[in-house]
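Take a look at the letters that make up each chain.
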Amino acid sequence: MGVQETVATILVLEDHTATRRFLADNLAADGFEPVEAETVADAKRLVVSEYPDLGIIDLGLPDDDGLDLVAFVRKADRVSGRIDPEMPLLVLSGRTGELDRLRGFERGADDYVVKPFSYPELRARVAALLRRSERRSGLGRVRVGALELDPVARQVWVRGEQVKLSR
Ligand code: CA
């Protein structure tokens, strides 16, 4: 079927304004669609309303730990159709310890980049995660705008609401 090439939406969860703006500006310049959140609560709302294709997640945030968002996404119930529990998540943190990185991966992060970071390297890692997830979703769900199809499960969602299909 003719699935159009869509712009990847990237959630940027970062409370440090200058860093968040820097990321959003550069991601937009590189053709991505950034959506910005300053708190874990904001990010949870955006995950449900904007269907980001990937998240860049800071850990030290005003309301919670960024790993709570990672856990929130990973625990999502795929059947409801609102959140992809396998959404690629890249932690971007000033916490440099080995134990911090291990905790990130244990909670379900796909990658871990330490601050201060190199934007070109971050962008390369983002692109690699998106390629991997595109290959995966090619086997599962297909999304075109607000319409989402799972050919294997024979299920359809429109704006996250599952549509009842006749056999
Ligand atoms: Ca922070």
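An account of the accompanying structure is given in this report.

So, how was this worked out
Numbers given for residues are sequential positions, taken from 1 along each chain in its written order. With the structure being a predicted model, the display of local features is reserved for residues of pLDDT at least 70 and the display and counting of side-chain atom pairs for 80 or more, all residues being used for whole-chain, interface and lining totals. Side-chain calculation: all heavy atoms of the structure are included, whereas hydrogens and water are not. Segments assigned H or I by DSSP are reported as helices when at least four residues long, segments assigned E as strands when at least two residues long, and all are numbered from the N terminus. Throughout this description, buried means an accessible area under 20% of the type-specific maximum (1.4 Å probe, protein chains only), exposed means over 50%, and partly exposed covers the range between. Two residues form a contact once any of their heavy atoms are found within 4.5 Å. Summarising the geometry, the arc corresponds to the directions from the helix axis toward the C-beta atoms. Metal donors: N, O and S atoms at distances within 2.8 Å, or within 3.2 Å for Na, K and Ca, with water omitted from the atom set so that some sites may seem incomplete. Any Lys or Arg side-chain nitrogen located within 4 Å of an Asp or Glu carboxyl oxygen qualifies as a salt bridge. Lines fitted to C-alpha atoms define the axes, with helix axes restricted to the stretch in contact, and inter-axis angles between N-to-C directions lie between 0 and 180 degrees. Roughly parallel means an angle under 35 degrees; roughly antiparallel, over 145; roughly perpendicular, 65 to 115; everything else is oblique. Rotating anticlockwise by less than a right angle from the far helix to the near helix defines a left-handed crossing, while the corresponding clockwise rotation defines a right-handed one.

## Some thoughts on the side chain of R20
Counting through the fold element by element, R20 comes out in helix α1 (residues 17-29). Take R20: its relative accessible area is 3%, and that puts it in the buried class. Contact partners of R20, with chain neighbours within four places excluded, come to V12, E14, D15, E36, A37 and E38.

## A few points about helix α2 (residues 40-50)
Taken together, the buried positions of α2 are V40, A43, L46 and V47. When α2 is viewed along its axis, its buried side chains cluster within an angular range of 115 degrees and face the same direction. The inward-facing, buried residues of α2 abut β1 (9-13), β2 (33-37) and α3 (66-74). Just downstream of α2 lies Y51, where phi reads positive at about 45 degrees.

## Side note on the coordination of the calcium ion
The protein atoms that coordinate the calcium ion are D15 (OD), D58 (OD) and G60 (O), at distances of 2.2 to 2.3 Å. Judged by its relative accessible area of 39%, G60 falls in the partly exposed class.

## Some details on the pattern of salt bridges
As a working rule, side chains carrying opposite charge can pair if their charged atoms are close by. For the coordinates displayed, the defined rule picks out 13 salt bridges. A salt bridge links E36 to R21, with the shortest nitrogen-to-oxygen separation between them at 4.0 Å. Here E36, found in strand β2, pairs with R21, found in helix α1; they are 15 residues apart in sequence, far enough to count as distant. Taking the shortest distance from any N to any O, the salt bridge between D42 and R45 comes out at 2.6 Å. In this pair, D42 and R45 both sit in helix α2, three residues apart, roughly one turn of the helix. A residue is classified by how much of its surface remains accessible, and D42, at 28% relative accessible area, is partly exposed. Owing to a relative accessible area of 53%, R45 belongs among the exposed residues under this scheme.

## Considering the packing of α2 against α3
α3 packs onto α2 with a crossing angle of 25 degrees between their chain directions and a minimal axis gap of 9 Å. It follows from the interaxial angle that α2 and α3 lie roughly parallel. Handedness of the crossing formed by α2 with α3: right-handed. Note on element contacts: α3 touches α2 through G66, D68, L69, F72 and V73, opposite V40, A43, K44 and V47.

None of this, on its own, says anything about what the molecule does.
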